[in-house]
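Letter by letter, the chains look like this.
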Amino acid sequence: MTKAKVIGLGHYVPERVVTNFDLEKVMDTSDSWIRERTGIAERRYFDPEKDTVANMAAKASRDAAEQAGIDISEIEFIVFATITPDYFFPGSGVLLQRELGLEGIGALDIRNACSGFIYALSIAEQYIKANTYRTVLVIGAEIQSSALEMNDRGRGVSVIFADGAGAAIVQAEDNEQIEGILSTHLHADGRFAEELYVKDPGSSRKHRLTKEMIDEVGIRAHMNGNMVFKHAVVKFQEVINEALEANNLEIGDIDLLIPHQANLRISQFVQKQLGLGDDQVFNNIMRYGNTTAASIPIAMSEAWQKAVLKPGDLLCIAAFGSGFTWASSLIKF
Ligand code: UT7
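Residues numbered from 1 in each chain as written. Predicted model: local features only at pLDDT ≥ 70, side-chain atom pairs only at ≥ 80, totals over all residues. Heavy atoms only, no water.

*Asks:* So what exactly am I meant to see when it comes to the overall build of the chain here?
*Replies:* The helix and strand tally for the chain stands at eleven helices and 13 strands. Its C-alpha atoms give the chain a radius of gyration of 19 Å, near enough to 20 Å, the size a compact globule of 333 residues would have. Overall size of the chain, expressed as C-alpha extent along the three principal axes, is 55 × 45 × 35 Å. By residue count, 54% of the 333 residues in the chain fall in the buried class. (Helix = DSSP H or I, 4+ residues; strand = E, 2+ residues; numbered from the N terminus. Rg over C-alpha atoms; globule rule 2.2 N^0.38 Å. Buried < 20%, exposed > 50% of the residue type's maximum accessible area, 1.4 Å probe, protein only.)

*Asks:* Looking at this structure, how should I read the sheet that holds strand β6 (residues 135-142)?
*Replies:* Hydrogen bonds along the backbone pair up the strands of a sheet, which may run parallel or antiparallel. With mixed pairing, the five strands of this open sheet are ordered in space as β1-β7-β6-β4-β5. In this open sheet, the two strands that pair with only one neighbour each are β1 (3-12) and β5 (106-110). Strand-to-strand twist in this sheet, taken as the mean axis angle between neighbours without regard to direction, amounts to 20 degrees. One ladder, built from five bridges, connects strand β4 (residues 77-81) with β6; its direction is parallel. Paired with Ala-81 across the two strands is Gly-140, which belongs to β6. In the packing of helix α4 (residues 92-99) onto the sheet, the strands contacted are β4, β5 and β6, and the crossing angle to β4 comes to about 130 degrees. On top of the sheet, helix α11 (residues 295-305) reaches β1, β6 and β7 (164-173); it is set at about 90 degrees to β1, its chief contact. (Pairing = 2+ DSSP bridges. Axes fitted to C-alpha atoms, helices over the stretch in contact; angles between N-to-C directions. Contact = heavy atoms within 4.5 Å.)

*Asks:* Where do I start with the site of the ligand in this structure?
*Replies:* Taken together, 22 residues are adjacent to the ligand, and Thr-29, Arg-37, Cys-114, Asn-263 and Asn-290 come closest. Contact between the ligand and Asn-263: an oxygen atom at 2.6 Å from a side-chain N or O atom of the residue. Residue assignment for the shell around the ligand shows that the elements contributing at least two residues are α2 (31-38), α6 (155-158), α8 (225-246) and α9 (264-274). When grouped by side-chain class, the residues that make up the shell around the ligand number ten nonpolar, eight polar and four charged. (Near = heavy atom within 4 Å. Polar contact = N/O pair within 3.5 Å; in protein donor to acceptor, adjacent residues only side chain to side chain. Nonpolar A, V, L, I, M, F, W, Y, C, P; charged D, E, K, R; others polar.)

*Asks:* Just to check I follow, could you spell out the sheet that holds strand β13 (residues 325-332) for this structure?
*Replies:* Here four strands make up an open sheet; going across it, the order is β8-β13-β12-β11 and the pairing mixed. The outermost strands of the open sheet, each flanked by one partner alone, are β8 (181-188) and β11 (256-259). Between one strand and the next, the sheet's axes are offset by a mean angle of 10 degrees, whatever the strand orientation. The pairing of β11 with strand β12 (residues 314-321) spans four bridges and is classified as parallel. Its bridge partner being in β12, Leu-256 is matched across the sheet by Leu-315. Its contacts with the sheet put α8 on β8, β11, β12 and β13, and the angle it makes with β12 is roughly 145 degrees.

*Asks:* Would you mind going over unusual backbone geometry with me for this structure?
*Replies:* Of all residues except glycine, most have a negative phi; of all peptide bonds, most are trans. Looking along the chain, the bond that leaves Phe-89 and enters Pro-90 is cis, with omega of -5 degrees. With respect to the helices and strands, Pro-90 occurs in the loop between β4 and α4. The omega angle of the peptide bond from Asp-200 to Pro-201 is -5 degrees, so this bond is cis rather than trans. Despite not being glycine, Val-217 has its phi angle at roughly 60 degrees, a positive value. Considering the arrangement of structural elements, one finds Val-217 in the loop between α7 (211-215) and β10 (222-223).

Next comes the structure, spelled out in structure tokens:
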């Protein structure tokens, strides 16, 4: 049976570094509050003159293709996870396709927020296992900073989110000995949709966008942080165990866990619950904040560059976020 193997990883983060001290200047917050509650010290914000979701994704894609040792023209299909597309429509998938000069190939947009990258990866995995495509580009990319409310009202959300892009190239592998992506596991519970969401502009109201929506923060992310946190710590553990059980593996078989970088406290809680050591969990939220769909592929790419993730390793990735959605995958490198 054809396997789906991750053969290249890449990432791009904007140059502009925004520290907690920079945020202190525009809202009632403090470096110590942000560090204690989230682990974040600094994050990256895009440059409107230079960066778009699609061109950040293109930079990450080229990085991944170079690392994989393939030519961009070998890519047959794009799966693009973002909740912050450059346009209301079409999605950023077609913009990335244009940017990479891959006219004609399919480009699919995924909007499952923090779980978006794993949802996207599952699609690549299935297309490859079904022998539909042999080389698929999977992206997680976001520009959150342009929607953040940089004042006291928005501080609960604004100090967390940030910008960046990550890419993975997934390729068909016919060698029986190579395992590649072992499995992906996807979940959702729409009963909690309004616990973390951006309400406006939405199609189901008389006027899609009004001045009131802007004034009453409908266009900003609303997050019930405590509730998200409580569900996250339970679902992370559940979905990681589900992946292990599906493959007859135990937690000790994992070389590395890369959780979605939502909050360092969530990652540390999950690490403790699972009994993993510090060298078995990779976090970079301290430097990049929460980049939603981009956080896992950025972390995977960095872990690979730093040789924290190595050839032969069994990696577990897991995510939880808006929807609620949650997901996991086990990948052999
Ligand atoms: O990636 C998508 C999924 N998202 C998540 O997984 C996020 C999950 N939730 C969280 O990470 C945490 O809930 C937060 C980091 C968002 C908030 O931390 P918390 O420990 O749950 O704080 P809180 O919301 O309970 O607020 C505690 C206090 C409040 O003040 P009072 O009512 O105790 O006086 C807030 O008003 O902290 C205040 N506060 C702040 N203070 C300084 C809220 N935001 C800030 C801020 N700076 N930025």
